[in-house]
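Structural features, examined
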Amino acid sequence: MKVKDVPQDDEFLQPDGDVLLRDRTYALDDEGKYREVPSAGWAPKNEAIKFSLSNKGEEALEVRKDVLAGKYSPLMYHMIRLVMTTRILADYTGLSKRKIHKLCKPKHFASIKSDELFRIADAMNISVEELTSID
Amino acid sequence: MEINFEHRHAAHCENGVVRNLLNFYGIKLSEPMILGLGSGIFFSHMPFYRLNGMAMTSFRPFPGSIFSRVTHALGIEVQWHKFKDPDKAMAKLDEVLAQGTPVGLRVGVYHLAYFPKEYRMHFNAHNLCVIGKEGDEYIISDPIGMNKNRLSAENLKKVRFAKGNTPPEGRMYYIKSTEHYKPLNAHMLNRAVLKTCSDMLGIPFPMFGAKGIAYLAKRMRKWERLYGERGAAMNLAQVIRMLEEIGTGGAGFRFMYAAFLQEASEFLNKPEWNQLSMELTEVGDLWRDFSYHAARFFKKREGIILSYDDIADKLEIISARETEVFRKLENSVKRGY
């Protein structure tokens with residue numbers, strides 16, 4: 001890759017603009033020497049990232065319908081939306097995998113203890129109100 | 001309190017942390033040199049090891065190995081810690097910081113506050129350096145950011161104890177003494193290059209090293225049949241993310257390793273390594289071509305959309321080219337041509 005070909009496709013909003021996350025690409029200059037060039041990103045990579053996210057989004061929307069139909073609890077929807085798995089959530093909260101699985105059903109979610117609710121919300125980095133609703 | 005630490009931006013987090021830490025102790029090495037000395041280029045595709053539900057493809061050796069190999073080669077003494085209790089982990093960090101020692105940490109990025117949400121996956125091998133503390137905030141030098149930044153103690157504790165595959169378990173490392181430091185020499189470089197070549201050529205399983213790329217190609221041909229159209233595209237997206245995600249210096253470290261070969265060829269006065277560097281650059285360009293065509297599966301643009309068979313063919317060519325490059329490199333060290 002040549003220095004002039006280094007892509008600069010920045011597409012993601014950075015929460016802390018001061019940090020300025022950047023890629024650093026190694027590219028050849030005209031004399032065939034390697035130079036370091038900061039790069040803001042590359043379209044194919046950004047598309048791959050967006051594609052995996054939008055896929056999760058679609059999956060979450062399908063689950064949302066099931067939640068409205070009373071098949072799953074809001075926990076299931078948030079788990080898919082936030083790219084969590086039962087195992088990782090169980091590790092973060094200290095609850096068992098079986099317990100998380102149970103809480104994905106509306107019947108059990110209705111009788112959840114406030115302590116458990118708080119722990120799950122904390123692990124997902126959302127508020128308790130967000131966790132109990134599907135908006 | 002902030003340690004007088006020069007923050008420098010780097011392509012790869014682990015190389016960057018190692019480079020900046022060594023720089024703090026007056027050892028000046030470039031980032032490609034760290035990558036080369038640490039034998040930080042690799043390939044593996046492991047369908048039995050899942051990351052986010054998809055087969056794991058990796059372009060780097062196991063996290064932490066670059067730091068160990070570089071410091072071992074240079075004769076620098078280091079200290080590692082691993083914790084069960086988050087409070088003890090933070091207390092130890094404060095204790096070491098108070099002595100004026102910059103500390104490297106391994107963290108997970110899922111909860112890392114300054115990352116855009118698109119980058120936040122369950123990836124637990126990110127490295128950063130803590131260089132100071134003010135009140136309840138830590139001053140962080142993250143090599144993939146252009147500037148220094150701050151992180152609250154609460155957030156730092158959370159990312160240090162991230163969960164998922166290969167949890168960091170609060171791992172921290174720092175340089176204990178540079179008493180037995182040996183400056184860079186030809187022997188070290190030859191050893192590191194031989195290690196890289198044996199990783200890329202000598203592991204007797206199909207999924208590792210240069211032949212692993214052909215293995216990935218073989219699997220790729222089956223993806224549509226195994227996972228359906230969407231599942232196959234998800235798997236392909238995973239490969240592209242691993243290949244080009246922030247921190248590879250472009251094309252899964254291939255360009256950075258080529259830069260190392262060029263630097264080493266000047267250092268050792270070996271023009272044939274510069275030639276190999278150019279060949280590896282061509283391989284890097286082939287990788288970029290692969291990503292470019294693969295990305296068309298996600299966003300339908302104008303032009304021809306290739307099939308999985310076609311992009312698998314590209315990978316097979318890359319596999320053959322990489323085998324050739326590393327074979328030549330190995331011969332140049334072992335037999336002198």
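Residues numbered from 1 in each chain as written. Chains lettered and ligands numbered in written order. Predicted model: local features only at pLDDT ≥ 70, side-chain atom pairs only at ≥ 80, totals over all residues. Heavy atoms only, no water.

1. Concerning the overall build of chain B
Scanning chain B for helices and strands turns up ten helices and eight strands. Here chain B has a C-alpha radius of gyration of 21 Å; the compact-globule value for 337 residues is 20 Å, and the two agree. For chain B, the C-alpha atoms occupy an extent of roughly 55 × 50 × 35 Å along the three principal directions. Long-range pairs, those at least 24 residues apart, make up 69% of the contacts in chain B between residues at least 6 apart in sequence. For chain B, the distance from the average site of its 46 positive side-chain charges to the average site of its 37 negative ones is 5 Å. (Helix = DSSP H or I, 4+ residues; strand = E, 2+ residues; numbered from the N terminus. Rg over C-alpha atoms; globule rule 2.2 N^0.38 Å. Contact = heavy atoms within 4.5 Å. Lys, Arg positive; Asp, Glu negative; His and termini not counted. Charge placed at Lys NZ, Arg CZ, Asp CG, Glu CD.)

2. A closer look at the interface of chain A and chain B
Chain A puts 44 residues into the contact, and the matching count from chain B is 56 residues. Where chain A abuts chain B, roughly 4,700 Å² becomes buried across the two surfaces, and 60% of that area is made up of carbon and sulfur atoms. Our count for the contact surface shared by chain A and chain B stands at two salt bridges. Put simply, lysine 158 of chain B and aspartate 122 of chain A hold a salt bridge, and the shortest N to O gap is 3.6 Å. At the junction of chain A with chain B, the criterion picks out eleven residue pairs in polar contact (both at pLDDT 80 or more). Going through the elements one at a time, β1 (23–28), β2 (34–39), α1 (43–68), α3 (86–93) and α6 (114–124) of chain A are the ones with two or more residues in the side of chain A that touches chain B. The element best represented in the side of chain A that touches chain B is α1 of chain A, accounting for eleven residues. (Buried area = accessible area lost by both parts, 1.4 Å probe. Salt bridge = Lys/Arg side-chain N within 4 Å of Asp/Glu carboxyl O. Polar contact = N/O pair within 3.5 Å; in protein donor to acceptor, adjacent residues only side chain to side chain.)

3. Some words on a positive patch on the surface
A surface patch of positive charge is lined by Arg98, Lys102, Lys105 and Lys107 of chain A. Position of lysine 105 of chain A relative to the elements: it lies in the loop between α4 (97–103) and α5 (106–110). (Patch = residues over 30% accessible without salt bridge, like charges linked within 9 Å, V, L, I, M, F, W, Y side chains within 5 Å. Areas by Shrake-Rupley, 256 points an atom, 1.4 Å probe, with all protein chains shown as cover.)

4. Some words on the packing of α3 of chain A against α6 of chain A
All names here are of chain A. It is the contact of α3 with α6, at a shortest axis distance of 9 Å, that shows an interaxial angle of 115°. As the angle between them shows, α3 and α6 are arranged roughly perpendicular. Between α3 and α6 the crossing geometry is right-handed. For the pair α3 and α6, contact is made by Leu89, Tyr92 and Thr93 and by Arg119, Ile120, Ala123 and Met124, respectively. Of the residues in the contact of α3 with α6, the class split is five nonpolar, one polar and one charged. (Axes fitted to C-alpha atoms, helices over the stretch in contact; angles between N-to-C directions. Parallel < 35°, antiparallel > 145°, perpendicular 65-115°, else oblique. Left-handed = near helix turned anticlockwise from the far one by under 90°. Nonpolar A, V, L, I, M, F, W, Y, C, P; charged D, E, K, R; others polar.)

5. Some thoughts on the domain arrangement of chain B
Residues and elements named next belong to chain B. Partitioning chain B into domains gives domain 1 (13–37 + 77–177) and domain 2 (186–334). For domain 1 and domain 2, the distance between their C-alpha centres works out to 28 Å. With twelve residues of domain 1 at the contact, the number on the domain 2 side is 13 residues. Roughly 1,300 Å² is buried in total at the junction of domain 1 and domain 2, and carbon and sulfur atoms are behind 74% of that figure. Seen at the junction of domain 1 and domain 2, the total is one residue pair in polar contact (both at pLDDT 80 or more). Top element by residues in the side of domain 1 that touches domain 2 is helix α2 (residues 31–37). It accounts for six residues. (Domains from an automatic or database assignment.)

6. Focus on the nonpolar core
All names here are of chain B. One finds Leu22, Met220, Leu236, Tyr257, Trp287, Phe290 and Phe298 to be the most contacted residues of the largest nonpolar core, which totals 95 residues. No other element matches the 16 residues that helix α7 (residues 210–244) contributes to this core. No fewer than three residues from each of domain 1 (13–37 + 77–177) and domain 2 (186–334) sit in this core. Those residues in contact with leucine 22 that sit more than four places away from it in its chain are Ile27, Leu29, Ile34, Val70, Leu74, Ile76 and Ile175. Val96, Tyr119, Val130 and Tyr138 belong to the second-largest nonpolar core, a separate cluster that totals 31 residues. (Core = buried A, V, L, I, M, F, W, Y, C linked by side-chain atoms within 4.5 Å. Buried < 20%, exposed > 50% of the residue type's maximum accessible area, 1.4 Å probe, protein only.)

7. Focus on the environment of proline 204 of chain B
In this structure, proline 204 of chain B sits in the loop between α6 (186–201) and α7. Counting along the chain gives 38 residues from proline 204 of chain B to methionine 242 of chain B, while the straight-line C-alpha distance between them is 23 Å.

8. Focus on helix α5 (residues 153–160) of chain B
Most of α5 of chain B is tucked away, with six of its eight residues classed as buried. Within the sequence span of α5 of chain B, burial applies to Ala153, Asn155, Leu156, Lys158, Val159 and Arg160 of chain B.

9. Details of the pairing of strand β4 (residues 103–107) of chain B
Residues and elements named next belong to chain B. With five of five residues buried, β4 is to be regarded as a mostly interior element. Going residue by residue along β4, you find Val103, Leu105 and Val107 tucked away on one face and Gly104 and Arg106 tucked away on the opposite face as well. Note that β4 and strand β5 (residues 126–134) share five bridges and pair antiparallel. Residue glycine 104 lies in a different strand from β5, and its bridge partner there is cysteine 129. Of the strand pairs in this sheet, β4 and strand β8 (residues 172–177) are connected by two bridges, and their pairing is antiparallel. The residue bridging leucine 105 from the neighbouring strand is methionine 172, located in β8. (Pairing = 2+ DSSP bridges.)

10. Describing the packing of α1 of chain A against helix α2 (residues 74–81) of chain A
Residues and elements named next belong to chain A. In the contact formed by α1 and α2, the axes pass within 8 Å of each other and the chain directions differ by 175°. One way to sum up the angle between α1 and α2 is to call them roughly antiparallel. Where α1 abuts α2, its residues Lys56, Glu59, Ala60, Val63, Arg64 and Val67 lie against Pro74, Met76, Tyr77, Ile80 and Arg81. Within the contact of α1 with α2, the residues separate by chemical class into seven nonpolar, no polar and four charged.

11. Describing the sheet that holds strand β6 (residues 137–141) of chain B
All names here are of chain B. In spatial order, the strands read β3-β8-β4-β5-β6-β7; together these six strands make up an open sheet with antiparallel pairing. Taken across any chain shown, the strands that pair with only one partner, and hence form the sheet edges, are β3 (77–81) and β7 (149–152). Strand-to-strand twist across the sheet, computed as the mean angle between neighbouring axes with direction ignored, equals 35°. Helix α1 (residues 13–24) rests against β4, β5, β6 and β8 of the sheet, and its axis sits at about 45° to β5.

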